[in-house]
Amino acid sequence: MAKRVRLTPPQPEYLAPEDPASAGIETKSLTAPFGARPAPIAQVAGDAAASAALDRLAREIAEAREAGRLAEALPLNAIVADHLVRDRVAADPEEMAALTGSIRARGQQTPVDVVELGGGRFGLISGWRRYMAIRALSAETGESRFATILAVRRRPDTAGAAYVAMVEENEIRVGLGHYERARIAAIAAEQGVFPDLQTALRRLYAGASRAKRSKIGSFVVLHRALGEALRFPAAIPERLGLALVKAIETRAGFADRAAADLARAAPADAVEEQAVLARLLSGDRAKPGRTGPKPGREIAPGLVLAAEGQGAARRLVLSGAKIDAALEARLEAWLKSL
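Anyway, here's the lowdown on the structure attached to this text. Computed from a predicted structure; not experimentally measured.

1. Concerning the overall build of the protein chain
1) Next: Across its full length, the protein chain carries 12 helices and eight strands.
2) Next: Across the 338 residues that make up the protein chain, the buried fraction comes to 33%.
3) Next: The long-range share in the protein chain, meaning contacts at least 24 apart out of those at least 6 apart in sequence, stands at 64%.
4) Next: Accessible area of the protein chain: about 21400 Å², with a carbon and sulfur share of 55%.

Spelled out as structure tokens, the structure:
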């Protein structure tokens, strides 16, 4: 059996210093005086804690970047703007001017979305207008603040996911016309991003109704038949576009006549182009046996004069964007004076 030891309370005389001059030595604070080096074990512990905190911060930053929660400044010249075929056919000049002015005054408020391509390059997924505005400001001012662009890295699993991300971003921010929607679906299918057009329409516009997807699909016909001839296709309204599609599908040679007339008219804006298209549709619906409209000639900016019929049935048709109530009144007054 182990021997038990009795512990007694400390005796006061053992704690009292023998030399009064040494009084207070045992009662000194254990805290190191100011400027003294900490004990080695304390230094090691502090370094380990700091290193762990930095590692944790680095991991959190990496995770935020991977999850698309971190916006970072990337060199503007590292962005590949044509990584995807853009769904926006053209940017409205007034909207671009407003966006450029806002970025000039307040800086870039919303980051663009990019995908890492390797070699320090990044493909632009969405934010094309912001990119174009910053590029214009960089070229104009040369300021260092426009040498970079605020961006969020995305990791689309497939090219199809990248196209979906681009379309969704533009639908939310500015909206797309039927022609623009149809064009990007057609191109994505032609490039093999999706196996066929119907799959492209379903994937790109999953949130749209079946009727809306059907209309977008109809505009694909317009894009394929007249895409090269149209100067302002994004401005074509739904009703006119669907009427053109019907004419393309049911009237032999309509697409060729339309392309020829558009080239001849060389419309300066969307209104003039739509006037040419409307005239084509009107003439295409002419009754059998009746002489169709002859190609019109532009007699003034926004005014096209065409002759129809023969003999006593001959008539002149004035069309164009400049026709309004005031012009009609002046024309009527002039005719009455003859």
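Here the narrative resumes, following the displayed structure.
2. Here's the deal with a nonpolar patch on the surface
1) Next: Together, Ile299, Leu318, Ile323, Leu331, Trp334, Leu335 and Leu338 make up a nonpolar patch on the protein surface, roughly 680 Å² of accessible area in all.
2) Next: Per-element tally for the nonpolar patch: the top contributor is helix H12 (residues 325–336), with three residues.
3) Next: Take Ile299: it is sitting in strand E6 (residues 297–300).

3. Concerning the nonpolar core
1) Next: Core analysis: the largest hydrophobic core is formed by 34 residues, its most contacted members being Tyr205, Leu222, Leu230, Phe254 and Leu277.
2) Next: For this core, the secondary structure elements donating two or more residues are helix H6 (178–190), helix H7 (197–204), helix H8 (210–226), helix H9 (238–250), helix H10 (254–265) and helix H11 (270–284).
3) Next: In terms of residue count, H6 provides more of this core than any other element does, seven residues in total.
4) Next: Residues within four places of Leu230 in sequence aside, it is in contact with Tyr179, Leu222, Ile236, Leu262, Glu273 and Leu277.
5) Next: Counting 19 residues, the second largest nonpolar core, distinct from the first, contains Ala78, Ala81, Val112 and Ala151.

4. A short note on the sheet that holds strand E4 (residues 121–126)
1) Next: Spatially, the five strands line up as an open sheet ordered E1-E5-E3-E4-E2, and their pairing is mixed. A strand with exactly one partner marks an edge of an open sheet, and here the two such strands are strand E1 (71–75) and strand E2 (79–80).
2) Next: As paired strands, E2 and E4 are joined by two bridges and run parallel to one another. Within the sheet, the bridge partner assigned to Val80 lies in E4 and is Gly123.

5. Let's talk about the packing of H7 against H8
1) Next: Packing of H7 against H8 leaves a shortest axis separation of 10 Å and a crossing angle of 130°. With respect to each other, H7 and H8 are oriented oblique. The two elements H7 and H8 meet at a crossing, and its hand is right-handed. Contacts between H7 and H8 involve Leu197, Leu201 and Arg202 from the former and Arg213, Ile216, Gly217, Val220 and Arg224 from the latter.

6. Regarding helix H3 (residues 93–106)
1) Next: With 14 residues, H3 should reach 20 Å at 1.5 Å per residue; the first-to-last C-alpha distance of 20 Å fits that figure.
2) Next: Against the buried residues of H3 lie helix H4 (128–141).

7. Regarding the pattern of salt bridges
1) Next: Inspection of the entire model under this criterion finds seven salt bridges.
2) Next: Linking Arg153 and Glu72 is a salt bridge whose minimum nitrogen-to-oxygen distance equals 2.6 Å. Remark: Glu72 occurs in strand E1 and Arg153 occurs in strand E5 (residues 148–154); sequence separation between them is 81 residues.
3) Next: Residue classification places Arg153 among the buried positions, given a relative accessible area of 16%.
4) Next: Notably, a salt bridge pairs Arg145 with Glu143, separated by 2.7 Å at the nearest N-O pair.
5) Next: Relative accessible area serves as the criterion here: at 42%, Arg145 is assigned to the partly exposed category.

8. Overview of the packing of H3 against H4
1) Next: At their nearest, the axes of H3 and H4 sit 9 Å apart, and the two run at 65° to each other. In this structure, the crossing between H3 and H4 has a hand that is right-handed. Residue-level inspection shows Glu95, Met96, Leu99, Thr100, Ile103 and Arg104 of H3 in contact with H4, the latter providing Arg129, Arg130, Met132, Ala133, Ile134, Leu137, Glu140 and Thr141.
2) Next: Looking at the contact of H3 with H4 residue by residue, the class counts come to seven nonpolar, two polar and five charged.

9. A few points about the environment of Glu116
1) Next: Mapping Glu116 onto the fold places it in strand E3 (residues 112–118).
2) Next: Remark: the alpha-carbon pair of Glu116 and Arg154, spanning 38 residues in sequence, is separated by 7.7 Å.
3) Next: Apart from residues lying up to four places away in sequence, Glu116 is in contact with Arg121, Phe122 and Arg153.

10. Let's talk about the environment of Trp128
1) Next: Along the chain, the position of Trp128 falls in helix H4.
2) Next: The spatial distance from the C-alpha of Trp128 to the C-alpha of Asp113 is 9.3 Å, given a sequence separation of 15 residues.

11. Regarding the pairing of E3
1) Next: Across four bridges, the pairing between E3 and E5 is parallel. Bridge pairing in E5 links Val114 to Arg153.
2) Next: Alignment of E3 against E4, held across five bridges, turns out to be antiparallel. Bridge pairing in E4 links Val115 to Gly123.
3) Next: The hairpin formed by E3 and E4 contains two residues between the paired strands, and Gly119 there has a positive phi angle of roughly 65°.

12. Comments concerning the side chain of Glu72
1) Next: For Glu72, a relative accessible area of 14% puts it in the buried group.
2) Next: Of the polar contacts made by the side chain of Glu72, one reaches the side chain of Arg153; its length is 2.6 Å.

13. Structural notes on the side chain of His178
1) Next: Tracing the backbone shows His178 in helix H6.
2) Next: When sequence neighbours within four positions are dropped, the list of residues in contact with His178 reads Lys212, Lys215, Ile216, Phe219 and Glu238.

Cut-offs applied
Residues numbered from 1 in each chain as written. Predicted model: local features only at pLDDT ≥ 70, side-chain atom pairs only at ≥ 80, totals over all residues. Heavy atoms only, no water. Helix = DSSP H or I, 4+ residues; strand = E, 2+ residues; numbered from the N terminus. Buried < 20%, exposed > 50% of the residue type's maximum accessible area, 1.4 Å probe, protein only. Contact = heavy atoms within 4.5 Å. Areas by Shrake-Rupley, 256 points an atom, 1.4 Å probe, with all protein chains shown as cover. Patch = residues over 30% accessible without salt bridge, like charges linked within 9 Å, V, L, I, M, F, W, Y side chains within 5 Å. Salt bridge = Lys/Arg side-chain N within 4 Å of Asp/Glu carboxyl O. Core = buried A, V, L, I, M, F, W, Y, C linked by side-chain atoms within 4.5 Å. Pairing = 2+ DSSP bridges. Axes fitted to C-alpha atoms, helices over the stretch in contact; angles between N-to-C directions. Parallel < 35°, antiparallel > 145°, perpendicular 65-115°, else oblique. Left-handed = near helix turned anticlockwise from the far one by under 90°. Expected span 1.5 Å × (residues − 1). Nonpolar A, V, L, I, M, F, W, Y, C, P; charged D, E, K, R; others polar. Polar contact = N/O pair within 3.5 Å; in protein donor to acceptor, adjacent residues only side chain to side chain.

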